[in-house]
Structures are given as C-alpha cells and as structure tokens.
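# Results of the structural survey
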Amino acid sequence: MDFRNVRSVAVLTGAGISAESGVPTFRGEDGLWRHYRVEDLATPGAFRRNPTLVWEWYDWRRELIANCQLNQAHLTLAEMEKALPHFTLITQNVDGLHRRAGSQKVVELHGNLWDVRCVAEGTVREYLDVPLPEVPLRCQCGALLRPNVVWFGESLPAGAIAAAQEAAMSCDLMLVIGTSGVVHPAASVPLWAKQGGAYVIEINVQRTPISTYADEVVLGPAAVEMPKLWAEWRKALE
Ligand code: BJW
C-alpha cells in the first residue's frame, strides 16, 4: 500500500481493539460471563425478562472499563485523526475508550454504555456512576432506565449508520480492527468500502469473514500493529 496516495480514511473498530486494555471481547474463550451468550443478554427480550441481570452485566462491564487503561491502538487512532484531513472512526464498541483516548469524531454504531435511556420517555442522558447505586436503574418518572446501546433485533441509530455508509463508500483506505465481522449491519461496512473501490486492511489476531476480501490481512494484536502501520505511513509521507 502506498500511503502517499491515500486521501480519505475510514476505520471500523470492534471489541478486539480494547482487548489489550483488559476489556473482554464478546466471542471467543474470554468472552463469556456467567455462562450466558451475548445474544441472550443483549436483547430487548432479555431486558424484559430480567432487567436486574442485564443491569448487573452492564454494571460489571462499566466498572471494569472505568478501571482499564487505554492502549496504543486507541492512542494511535486519535493521533491519526489529528494528522489526516479526511478521517472517520466508526466503532461498534460501547466502551467509550476512543473518546477517552482523544478521538473527537466517533461514529458509535451500537451506542454507548455511559448513556442511559428511559424506556417510557425515551430521554437519554450521561450516567457515569460506578458502581451503580441500584439495579435495575430507574428514571425519576418511575420507569426503568436501560443502557443506551443497540441490542440484537434493534435498529442502529439512523444517523450513525448513514455516516458509516457515507464514509465507507467514499474512502480510499479502510482499516478494520479487531472485529469478528459476524454482526450485521456493522459487518457490511468494510464490504461497502471494498465495493466503493477502497483498499481494505484488516488487523486481527485471527482471520475472519472479512479476511476473504480484504486486500491485506495483518495478523497480530492491534496495540502492536497499529503503531507499526502508522509509523510506516508517516515515513512514507516524509
Ligand atoms: C483482536 C485482539 C487484539 C481479539 N487485536 N484483534 C444479516 C445477516 C444475519 C443476521 C443479521 C443480518 N442483519 C441483521 C441481523 C441480525 C443481527 C445479527 O447480526 N446477528 C448475527 C449475530 C447473526 N443484527 C442485529 O440485530 C442488529 N440490528 C439490526 O440489524 O436491525 C435491523 C433489524 C431489526 C429487526 C430484525 C432484523 C434486522 C443489531 C446488532 C446489535 C449488536 N449489539 C452488540 C451489543 C451492544 C451493546 C453492548 O456491548 O453491550 O454489539 S452484540 C456485540 O457484537 C456488540 C459488538 O459491537 C458486536 C460485534 O462484536 P465484535 O466487536 O466483532 O466483537 P467479537 O467479540 O465478536 O470479536 C472480537 C474480534 O477481535 C475477534 O475477531 C478477535 O479475533 C479479535 N481480537 N483480541 C486485534 N488484541
């Protein structure tokens, strides 16, 4: 890849980018919690059946994330945004770590677990208390609050998916970092980039369905590979 020809960059990140910060991924050996599948916890039905269990899961994750450190992959992306004029960071992660690393423009496809939403009023607000004072959390109106994230069977925020589509279809380089590429429609984002003529580089510790059409597959941890890629890029621009 000749980085001197790159005008516009889009990046799609998944749970793997936060793995080296100690945030568990969803699928794979370390992704389990209490022997539930994410598909059984991250659904509206799961929340209806047992909001306490679902909130306990989020309480546990929020505390873990609050105490974790950013890694070099998060920090490299924040640096790239400052240095490159046309740069869009799209994430499936709800951990808020890209913003904590200094990334300013982040398209959050699956929401953010630091925001809560009233199931009755639909109002959204930031809620940072860790640990939570009560589970399940309740709104002042008496209705349940829920994490402002996107569960299976729910639509993604229209603005976020439109922004991701626009960035993917107009970029000439797409980086896909640490996602299993099995959850849709996010998994289609790199495909849209490829179909739009972009060069696709995947960074992951293992091959995924995206590897079959990526132009390059870099097998390795994101926190190691991202600084290497960025150093190579900067050298090419000198
Ligand atoms: C490293 C590493 C290191 C490890 N360095 N790498 C089309 C086809 C089939 C199904 C569907 C379809 N369209 C829609 C569906 C249904 C469904 C779906 O996709 N199901 C599939 C699982 C089969 N999608 C939806 O329901 C979506 N909604 C929707 O489409 O609405 C329209 C609609 C409505 C009604 C009916 C039908 C359609 C919504 C999906 C919402 C996903 N939500 C979650 C939870 C968010 C909240 C929360 O986090 O609490 O999002 S599930 C979970 O998966 C989370 C993640 O963002 C998402 C993706 O996971 P990710 O990031 O890829 O993580 P992992 O763990 O899977 O992978 C980690 C990767 O990192 C691995 O590859 C590792 O190798 C790698 N790695 N360490 C680099 N150090």
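Before going into details, it helps to say that this report is about the structure given with it. Keep in mind that what you see is a predicted model, and the values were worked out from it rather than measured. (Residues numbered from 1 in each chain as written. Predicted model: local features only at pLDDT ≥ 70, side-chain atom pairs only at ≥ 80, totals over all residues. Heavy atoms only, no water.)

## Topic: the nonpolar core
Counting 28 residues, the largest nonpolar core has Val-54, Trp-55, Tyr-58, Leu-113, Leu-137 and Trp-151 as the members making the most contacts within it. Among the elements of the structure, helix H1 (38-41), helix H2 (44-49), helix H3 (51-66), strand E4 (111-118) and strand E6 (145-149) are those that each provide at least two residues to this core. Broken down by element, the residue count for this core peaks at six residues, all from H3. For Tyr-58, the residues in contact, after removing those within four places along its chain, are Leu-113, Pro-147, Val-149 and Trp-151. Core analysis: the second largest hydrophobic core is formed by 24 residues, Ile-90, Val-107, Ile-161 and Met-174 among them. (Core = buried A, V, L, I, M, F, W, Y, C linked by side-chain atoms within 4.5 Å. Buried < 20%, exposed > 50% of the residue type's maximum accessible area, 1.4 Å probe, protein only. Helix = DSSP H or I, 4+ residues; strand = E, 2+ residues; numbered from the N terminus. Contact = heavy atoms within 4.5 Å.)

## Comments concerning the sheet that holds strand E5 (residues 124-126)
Across the sheet, three strands lie side by side as E5-E4-E6; this open sheet has antiparallel pairing. Here the strands that pair on one side only, and so sit at the sheet edges, are E5 and E6. Taken pair by pair, the neighbouring strands of this sheet meet at an average axis angle of 45°, ignoring direction. Contacts from H3 reach E4 and E6 within the one sheet, and its direction differs from that of E4 by about 140°. (Pairing = 2+ DSSP bridges. Axes fitted to C-alpha atoms, helices over the stretch in contact; angles between N-to-C directions.)

## Re the site of the ligand
By nearness alone, 34 residues border the ligand, and Arg-27, Tyr-58, Arg-61, Ser-180 and Asn-204 come closest of all. With respect to the ligand, the side chain of His-110 contributes an N or O atom lying 2.8 Å from an oxygen atom. Of the residues that constitute the shell around the ligand, the class distribution is 16 nonpolar, 14 polar and four charged. The residues that make up the shell around the ligand include at least three from each of domain 1 (1-22 + 70-110 + 156-238) and domain 2 (24-67 + 113-149). (Near = heavy atom within 4 Å. Polar contact = N/O pair within 3.5 Å; in protein donor to acceptor, adjacent residues only side chain to side chain. Nonpolar A, V, L, I, M, F, W, Y, C, P; charged D, E, K, R; others polar. Domains from an automatic or database assignment.)

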